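Each chain, written out:
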Amino acid sequence: MNFWGPAMFVTVLAMIFTGYPVAFALGGTALIFALMGAAFDIFPLPLLFAMPERTFGTMSNFTLLAVPFFIFMGTILEKSKLAEQLLETIGLLFGRFRGGLAMGVIFVGALLAAATGVVGASVTAMGLISLPVMLRNGYKDELSLGTIAASGTLGQIIPPSIVLIVLGDQMGVPVGSLFRAALLPGLALTASYALYVGIIAYLKPEVAPALAMEMRVSGV
């Protein structure tokens with residue numbers, strides 16, 4: 001019976017990597033293994049009748065109502081081009097320095113993390129907006145992709161964060177307390193990313209060059 005847990009984990013990963021949405025992968029795996037457990041007399045099938053009650057309890061949770069609102073906020077930022085304009089402004093501000101565009105990506109990623117709270121939304125938006133700009137200005141692929149991926153993970157810790165909201169709900173801890181506790185580590189992590197990019201740009205100028213003069217005037 002000990003192999004059921006690892007088997008479920010492997011099945012979920014396999015379904016996710018094949019392209020299925022995460023919600024369908026999790027729910028489908030649970031139903032499949034519930035039926036398999038009932039077939040082997042391990043899982044009592046009538047327990048599935050508790051699913052509607054659990055679903056109603058989740059939908060009536062006021063704390064989790066913040067999740068769809070954060071996703072909606074991230075969609076508004078992407079569709080309104082506000083994030084793109086913010087990146088252009090910060091790119092012009094720091095573009096005169098080596099690695100300045102990468103630092104702009106980190107700072108915008110931190111702002112997007114605080115606005116959306118969703119890692120996927122932040123990484124997707126920053127990838128679509130900043131990656132072509134960084135590659136066009138001579139940034140190396142490794143630094144460009146690493147900067148975007150690292151700045152996208154700030155959405156997990158910088159408040160407001162969906163991860164912290166779900167964690168607070170599951171642990172019975174006030175969400176405001178989690179936000180206050182995560183603010184300083186999130187800012188420290190952002191500063192550490194920017195410092196690392198600055199050191200790399202100083203030691204290897206060809207990896208993260210400064211923007212050309214005409215790019216600083218006309219915009220990135």
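So, here is what we can say about the structure in this document. A quick note: this is a predicted structure, and the numbers were derived from the prediction, not measured. (Residues numbered from 1 in each chain as written. Predicted model: local features only at pLDDT ≥ 70, side-chain atom pairs only at ≥ 80, totals over all residues. Heavy atoms only, no water.)

Unlike most non-glycine residues, D41 shows phi in positive territory, near 60°. Inspection of the secondary structure assignment puts D41 in the loop between α2 (22-39) and α3 (51-59). Relative accessible area serves as the criterion here: at 74%, D41 is assigned to the exposed category. (Helix = DSSP H or I, 4+ residues; strand = E, 2+ residues; numbered from the N terminus. Buried < 20%, exposed > 50% of the residue type's maximum accessible area, 1.4 Å probe, protein only.)

The next thing to look at is the packing of aromatic side chains. Tallied over the entire structure, the rule returns two aromatic pairs. Relative to F33, the ring of W4 has its centre 5.9 Å away and its plane inclined at 85°; by these criteria the two rings are edge-to-face. Taken together, the positions of W4 in helix α1 (residues 4-17) and F33 in helix α2 put the pair 29 residues apart, joining distant regions of the chain. Residue class for W4 comes out buried when judged on its relative accessible area of 14%. Using a relative accessible area of 10% as the deciding quantity, one classes F33 as buried. An aromatic cluster is present here, built from W4, F33 and F40 joined pairwise through their rings. (Phe/Tyr/Trp six-rings, centres within 6.5 Å; stacked < 30°, edge-to-face > 60°.)

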